[in-house]
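Structural overview
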Amino acid sequence: MTKSKFDRIRPVKWESNQLMLLDQRILPSEYAYIAYKDAKSVADAITDMVVRGAPAIGITAAFGVVLAARMHYAHDADNWKKSIVDDLAYLRASRPTAVNLFWALDHMQHIINQCESNPEPLLLQAALNILENDISNNKIMGDAGASVLQGNNAVLTHCNAGALATGGYGTALGVIRSGYQQGKIQQVYADETRPWLQGARLTAWELMHDDIPVTLQSDSVAGYLMQQGKIQWVIVGSDRIAANGDVANKIGTYSLAVLAKFHKVKFMVVAPTSTIDMAISSGDEIPIEQRNPSEVLSLAGQRIAAENTSAWNPAFDVTPAALVDVIVTEKGVIHQPDKEKMRVLMS
Ligand code: MRU
């Protein structure tokens, strides 16, 4: 089955020897790429949400390392491995929760250790491989996740785990793309996802782009949607999965998992193994990014709360493995995840 119609969005590109990022802050009203030539601006782009989504953050950081190596090698070919260290640390500090960032930077560090002359060709090839592997893994996961679905389904997704959050095709939206093509998914509901509105601005736009039926709803509708019996599955991505199968994802995911359990709606998490952190035993150890309260106090640049209102803005939450029915990875599918099944998958 051809996937070309469903595989057209590319948030991260390497063109004319520079990194191009689709500016996700202004989608869908504007579709514009920004060019990057240095690692610090790339790290700032990650922090400021020009690019977001766990796999896309990792891919972007890998290209950031290519730009850093180019600059430091040109400046001092004998000492670039020392002078690049600050840029690598700056990239590492760009966002704390998505483990794909650290996975990609560790991989690039490994390549740096092997470089003996001009590092750019080797590092560029490594970054391009990360990008291409991510896209092909997403297609594998798309089909693997769709094969779990039985009969006709309407599904709810949260945030954006689509092409925009990855190299292309998407994780949760990859399963939705494959499931729709196979006639197993007829309708998608997308949570708007306050405060950044990834669902309203990105997911709804992505699915409409592919002519997949999508209905946008405010986050608080989810319980009523399930109570009305309108969905069979919740399908989401992840920023980090612990060794026991606990899942960190966009704030609000945990609430959906609790609601899904109560309403006997199935809960699927779709993530490449680069999102799995076997170094931490449970979700309690996952660092949860705390973003600026101003993001909650305003909407589309317009202040909505009274002056001096205090606000709390955790960007992610952790769903315990016990609330997850299926984890889909490119290496296989786990039903009812636990520590032992995760160990076997990753061994
Ligand atoms: O804050 P964001 O937009 O980077 O959060 C993204 C998510 O929570 C996604 O669901 C997750 O990264 C998986 S993306 C395939």
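Note that this is a predicted model, so its numbers are computed, not measured. (Residues numbered from 1 in each chain as written. Predicted model: local features only at pLDDT ≥ 70, side-chain atom pairs only at ≥ 80, totals over all residues. Heavy atoms only, no water.)

**What about the packing of aromatic side chains?**
Applicable threshold: Under the pairing criterion, centres of Phe, Tyr and Trp rings, with the six-membered ring standing for Trp, must be within 6.5 Å; the plane angle then separates stacked pairs below 30 degrees from edge-to-face pairs above 60, leaving the rest tilted. We call a residue buried when its accessible area falls under 20% of the maximum for its residue type, exposed when it is over 50%, and partly exposed in between, using a 1.4 Å probe and counting protein chains only.
Tallied over the entire structure, the rule returns five aromatic pairs. Judged by centre distance (6.5 Å) and plane angle (80°), the ring pair of Tyr-73 and Trp-80 falls under edge-to-face. For Tyr-73, a relative accessible area of 24% puts it in the partly exposed group. Judged by relative accessible area, Trp-80 falls into the buried class, the value being 4%.

**Details of the pattern of salt bridges**
The criterion, for reference: Definition used for salt bridges: Asp or Glu carboxyl oxygen within 4 Å of a side-chain nitrogen of Lys or Arg. For the purposes of this entry, the term helix denotes a DSSP run of H or I that reaches at least four residues, the term strand denotes a run of E that reaches at least two, and both are numbered from the N terminus.
By the definition in use, this model includes 16 salt bridges. The residue Arg-92 makes a salt bridge to Asp-106 at a minimum N-O spacing of 3.1 Å. Of the two residues, Arg-92 is situated in helix α4 (residues 85–92) and Asp-106 in helix α5 (residues 99–114); the sequence distance between them amounts to 14 residues. By relative accessible area, Arg-92 is classed as partly exposed at 34%. Taking relative accessible area as the criterion, Asp-106 reaches 42% and is therefore assigned partly exposed. Measuring nitrogen to oxygen at the nearest pair gives 2.8 Å for the salt bridge that ties Arg-177 to Glu-206. In this pair, Arg-177 sits in helix α7 (residues 172–181) while Glu-206 sits in helix α8 (residues 198–209), placing the two residues 29 residues apart along the sequence. Counted as one network, the salt bridges with shared partners bring together Arg-8, Arg-177, Glu-206 and Asp-210.

**Here's the deal with the site of the ligand**
Rules: Here a residue counts as near a molecule or strand whenever at least one of its heavy atoms sits within 4 Å of it. Whenever a nitrogen or oxygen atom comes within 3.5 Å of another N or O atom, the pair is scored as a polar contact, on the condition that within protein one atom can donate a hydrogen and the other can accept it, and that pairs from neighbouring residues in sequence are kept only if both atoms are in side chains. Each residue is assigned to one class: nonpolar for Ala, Val, Leu, Ile, Met, Phe, Trp, Tyr, Cys and Pro, charged for Asp, Glu, Lys and Arg, and polar for all the others, Gly among them. Segmentation of the chain into domains, including their bounds, is taken from an automatic or database domain assignment.
Near the ligand you find 19 residues, and of these Arg-52, Arg-95, Gln-198, Asn-249 and Lys-250 are the closest. Interatomic distance of 2.9 Å between a backbone N/O atom of Ala-54 and an oxygen atom of the ligand. In the environment of the ligand, an oxygen atom lies 2.8 Å from a nitrogen or oxygen atom belonging to the side chain of Gln-198. Elements with a contribution of two residues or more to the shell around the ligand: α2 (54–75) and β9 (247–250). For the shell around the ligand, the per-class residue count stands at seven nonpolar, eight polar and four charged. Composition of the shell around the ligand by domain shows at least three residues from each of domain 1 (12–135) and domain 2 (138–346).

**Examining the side chain of Asn-160**
For clarity, the cut-off: In what follows, a contact means two residues having at least one pair of non-hydrogen atoms within 4.5 Å.
In this structure, Asn-160 sits in the loop between β4 (153–157) and α7. Separated by 3.1 Å, the side chains of Asn-160 and Glu-206 make a polar contact. With sequence-adjacent residues up to four places away left out, Asn-160 is seen in contact with Arg-52, Ala-165, Leu-173, Gln-198, Leu-202, Thr-203 and Glu-206.

**Focus: the domain arrangement of the protein**
As a reminder of what qualifies: In short, buried area is how much 1.4 Å probe accessible area vanishes from two parts on joining, totalled over both.
Each assigned domain of the protein is listed here: domain 1 (12–135) and domain 2 (138–346). Each of domain 1 and domain 2 has a C-alpha centre, and these two points are 25 Å apart. Taken together, the 27 residues of domain 1 in the interface contact 30 residues of domain 2. Together domain 1 and domain 2 conceal approximately 2300 Å² of surface at their shared face, both sides included; 55% is due to carbon and sulfur atoms. Contact with domain 2 buries area across many residues of domain 1, yet Arg-52, Thr-97 and Ile-135 alone supply 26% of it, more than any other trio.

**Things to note about the nonpolar core**
For clarity, the threshold we go by: Residues belong to a common nonpolar core when they are buried Ala, Val, Leu, Ile, Met, Phe, Trp, Tyr or Cys residues joined through side-chain atoms within 4.5 Å.
One finds Leu-19, Leu-21, Tyr-36, Phe-63, Val-65, Met-108 and Leu-123 to be the most contacted residues of the largest nonpolar core, which totals 45 residues. Elements represented by at least two residues in this core include exactly β1 (12–15), β2 (18–22), α1 (39–47), α2, α4, α5 and α6 (120–148). In contact with Leu-21, other than residues within four places in its own chain, are Pro-11, Val-12, Ala-32, Tyr-33, Ile-34, Tyr-36, Ala-45, Val-50, Val-51 and Thr-60. Membership of the second largest hydrophobic core comes to 25 residues, among which are Tyr-189, Leu-225, Ala-257 and Ala-271.

**Quick word on the packing of α6 against α7**
A pair of packed helices is captured by two measures, namely the crossing angle of their axes and the spacing between those axes. In plain terms, the rule: In this analysis an axis means a line fitted to C-alpha atoms, helices contributing only their contacting stretch, and an angle means the value between N-to-C directions, from 0 to 180 degrees. Should the near helix be turned counterclockwise from the far one by less than a right angle, the crossing is left-handed, whereas a clockwise turn marks it as right-handed.
One can describe the packing of α6 onto α7 by two numbers: an axis separation of 7 Å at closest approach and a directional angle of 65°. As for how α6 packs across α7, the hand of that crossing is right-handed. Of the residues in α7, those touching α6 at Met-141, Gly-142, Asp-143, Gly-145 and Ala-146 are Gly-174, Val-175, Ser-178 and Gly-179. Residue classes in the contact of α6 with α7 are distributed as three nonpolar, five polar and one charged.

**Let's talk about the environment of Asp-87**
Mapping Asp-87 onto the fold places it in helix α4. Residue Asp-87 is classed as buried on the basis of its relative accessible area, which comes to 5%. Spatially, the C-alpha atoms of Asp-87 and Ala-69 are 9.3 Å apart, while their sequence positions differ by 18 residues. Setting aside its immediate chain neighbours within four residues, Asp-87 contacts Ala-39, Lys-40, Ala-68, Met-71 and His-72. Only 2.9 Å separates the side chain of Asp-87 from the side chain of His-72, close enough to count as a polar contact.

**Focus: unusual backbone geometry**
Cis geometry is found at the peptide bond from Leu-27 to Pro-28, where omega equals 0°. With respect to the element layout, Pro-28 can be found in the loop between β2 and β3 (33–36). Each neighbour pair has its own omega, and for Arg-194 with Pro-195 the value is 0°, a cis peptide bond. Within the element layout of this structure, Pro-195 appears in the loop between β5 (185–191) and α8.

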